[in-house]
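One-letter residues, chain by chain:
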Amino acid sequence: MKFSVIKQRSIWWTMSAVIILAGIVSMAISWTRPDIRAPLRPSLDFIGGTRLQFELDCTKPENCKPIDLAAVREVLDAQGLAGSSIQVIGKEQRGLSLRTKTLDVEQRTKLQTALNDKIGAFSPKSTQIDTVGPTLGKQLFTSGLLAIFLSFAGITIYLTFRFQLDYAFFAFVALFHDVFITVGIFSILGLVQGVEVDSLFVVAILTIIGFSVNDTVVIYDRVREVIKLNPGQSIDQIVDDAVMQTLGRSINTTMTTLLTLSSIFLFGGETLKYFALALIVGFIAGAYSSIFIASTLLAWWRSRTGHSIAVHAEGINSSEEV
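Residues numbered from 1 in each chain as written. Predicted model: local features only at pLDDT ≥ 70, side-chain atom pairs only at ≥ 80, totals over all residues. Heavy atoms only, no water.

Notes on the overall build of the protein chain
For step 1, the next point in the chain: Counting its regular elements, the protein chain contains nine helices and four strands.
For step 2, the next point in the chain: If one aligns the C-alpha atoms of the protein chain with their principal axes, the spans along those axes are about 80 × 40 × 30 Å.
For step 3, the next point in the chain: The buried share of the protein chain, taken over its 322 residues, is 43%.
For step 4, the next point in the chain: Distance between charge centres in the protein chain, computed from 27 positive and 27 negative side chains, equals 2 Å. (Helix = DSSP H or I, 4+ residues; strand = E, 2+ residues; numbered from the N terminus. Buried < 20%, exposed > 50% of the residue type's maximum accessible area, 1.4 Å probe, protein only. Lys, Arg positive; Asp, Glu negative; His and termini not counted. Charge placed at Lys NZ, Arg CZ, Asp CG, Glu CD.)

Encoded structure:
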């Protein structure tokens, strides 16, 4: 297979720009929504509060019916919980997920009793109640942001010493590309499907960053090898050759990883479902950015500035123009 990533680079850049722009618009809308007030729909992990999940008991035939959202809101208003998040779950809309301010045992029992009387009896086996204090939620959020920032800083420093500053900069751009696409898609899912992000989402972002930069380093390393072998070639041809030589490795690595993640997404249960989905989106974006974004931006920059693409450590005269 032979094709030029450089000739179609405007297509790759446009595709990425459209997806990122859609994500930014979604994040702006989410920020203005009174039930979200954040770029992404935050879970209990980050904001604190109580989450209650119920499912109607279908062993009683007259009780097995879709849940009426208006009736749920009426109960919450009566309990002084008007600003709570309400989501009907399950294919047949017989499950209910509520996120409220922090409730003590007495308040939770009172709410559950009121819902039972208004909607119907819930199955004890399907009832789940989680409570996270607001202080712990803020600590988790701060720690997650700090971990992401430190990973970006460490990777940038490593790439600057490993290659050159422009290599590191465009690898950094590719990392931002992957994170923005993943965050943007989850922002859209938060608006459309009510998908929340939790502490596992931060873990997914850190994993995506590591995977993406690994693929980019492989391609950049091959660029340097091609420079050694063909120091007189144009930068566009060098990048095309380097990408083609690593394309099979990138596709195979990504596909084998996606097979495992798809299994987790389909069969891993609710706890790991969206963690796996975040990794699937991020790994696809990471493979894409390494091949079509980081490499083409490097070639564009070198052609535009006229700088030598040789690195002193490679034993090539840095005054040679490619």
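Now, onward.
Considerations on the nonpolar core
For step 1, the next point in the chain: If you look at the biggest cluster of nonpolar residues, it comprises 61 residues, and the most contacted ones within it are Leu159, Phe186, Phe201, Ile205, Ile209 and Tyr220.
For step 2, the next point in the chain: Elements with a minimum of two residues in this core: helix H1 (9-32), helix H5 (134-162), helix H6 (165-192), helix H7 (199-229), helix H8 (235-267) and helix H9 (270-305).
For step 3, the next point in the chain: No other element matches the 15 residues that H9 contributes to this core.
For step 4, the next point in the chain: Non-local contacts of Phe201, meaning those with residues more than four positions away in its chain, are made with Leu40, Thr182, Val183, Phe186 and Ala278.
For step 5, the next point in the chain: With 16 residues, the next largest nonpolar core counts Leu52, Leu81, Leu115 and Phe122 among its residues. (Core = buried A, V, L, I, M, F, W, Y, C linked by side-chain atoms within 4.5 Å. Contact = heavy atoms within 4.5 Å.)

A short note on the pattern of salt bridges
For step 1, the next point in the chain: All told, the structure shown has nine salt bridges when counted by the stated rule.
For step 2, the next point in the chain: Between Arg162 and Asp221 there is a salt bridge whose closest N-O contact spans 3.6 Å. Within this pair, whereas Arg162 is found in helix H5, its partner Asp221 is found in helix H7, the two being separated by 59 residues in sequence.
For step 3, the next point in the chain: Judged by its relative accessible area of 29%, Arg162 is partly exposed.
For step 4, the next point in the chain: By relative accessible area, Asp221 is classed as partly exposed at 22%.
For step 5, the next point in the chain: Where salt bridges share partners, they join Arg51, Arg99, Asp130 and Glu196 into one cluster. (Salt bridge = Lys/Arg side-chain N within 4 Å of Asp/Glu carboxyl O.)

Some remarks on unusual backbone geometry
For step 1, the next point in the chain: With phi around 55°, Arg37 is a residue other than glycine that occupies positive phi space.
For step 2, the next point in the chain: Within the fold, Arg37 resides in the loop between H1 and helix H2 (44-47).
For step 3, the next point in the chain: With relative accessibility at 57%, the residue Arg37 sits in the exposed group.

What about a nonpolar patch on the surface?
For step 1, the next point in the chain: A grouping of Leu21, Ile24, Val25, Ile29, Phe176 and Phe180 is seen on the molecular surface, where their side chains present a nonpolar patch of about 510 Å² in accessible area.
For step 2, the next point in the chain: Looking at the nonpolar patch, the elements that each hand over two or more residues are H1 and H6.
For step 3, the next point in the chain: Considering every element that reaches the nonpolar patch, the biggest residue donor is H1, with four residues.
For step 4, the next point in the chain: Relative to the helices and strands, Leu21 is located in helix H1.
For step 5, the next point in the chain: Among the residues examined, Leu21 registers a relative accessible area of 52% and is labelled exposed. (Patch = residues over 30% accessible without salt bridge, like charges linked within 9 Å, V, L, I, M, F, W, Y side chains within 5 Å. Areas by Shrake-Rupley, 256 points an atom, 1.4 Å probe, with all protein chains shown as cover.)

Some remarks on the sheet that holds strand S3 (residues 95-100)
For step 1, the next point in the chain: Spatially, the four strands line up as an open sheet ordered S2-S3-S1-S4, and their pairing is antiparallel. Single-partner strands in this sheet number two, and they are strand S2 (85-89) and strand S4 (128-132). Each strand axis lies, on average, 10° off the axis of its neighbour in the sheet, ignoring direction.
For step 2, the next point in the chain: The sheet contact formed by strand S1 (residues 49-55) and S4 spans five bridges and is antiparallel. (Pairing = 2+ DSSP bridges. Axes fitted to C-alpha atoms, helices over the stretch in contact; angles between N-to-C directions.)

Re the confidence of the model for the protein chain
For step 1, the next point in the chain: When the pLDDT values of the protein chain are averaged, the result is 84; 92% of them are 70 or greater.
For step 2, the next point in the chain: Low confidence marks residues 308-322, where pLDDT is under 50. Its contacts with residues over four positions away, or in another chain, come to 33 contacts. (pLDDT = per-residue confidence, 0-100.)

Quick look at the packing of H6 against H7
For step 1, the next point in the chain: The interhelical angle for the contact between H6 and H7, taken along N-to-C directions, is 145°, at an axis separation of 9 Å. Pair H6 / H7 crosses with right-handed handedness. Between H6 and H7, the residues in contact are Tyr167, Phe170, Ala171, Ala174, Leu175, Asp178, Val179, Thr182, Val183 and Phe186 and Phe201, Ile205, Ile208, Ile209, Ser212, Val213, Thr216, Tyr220, Val223, Arg224 and Ile227, respectively.
For step 2, the next point in the chain: Residues belonging to the contact of H6 with H7 are distributed by class as follows: 16 nonpolar, three polar and two charged. (Left-handed = near helix turned anticlockwise from the far one by under 90°. Nonpolar A, V, L, I, M, F, W, Y, C, P; charged D, E, K, R; others polar.)

Description of the packing of aromatic side chains
For step 1, the next point in the chain: Considering all chains together, one arrives at 16 aromatic pairs under this definition.
For step 2, the next point in the chain: Geometrically, the ring pair formed by Phe54 and Phe122 is stacked, given 4.8 Å between the ring centres and 25° between the ring planes. On the criterion of sequence distance, the pair formed by Phe54 in strand S1 and Phe122 in the loop between helix H4 (105-118) and S4 is long-range, its members being 68 residues apart. Both residues of the pair, Phe54 and Phe122, belong to the buried class.
For step 3, the next point in the chain: Pairing Phe163 with Tyr220 gives two aromatic rings, centres 5.9 Å apart and planes at 75°, and the pair type is edge-to-face. Linking Phe163 in the loop between H5 and H6 with Tyr220 in helix H7, this pair joins segments that are 57 residues apart in sequence. (Phe/Tyr/Trp six-rings, centres within 6.5 Å; stacked < 30°, edge-to-face > 60°.)

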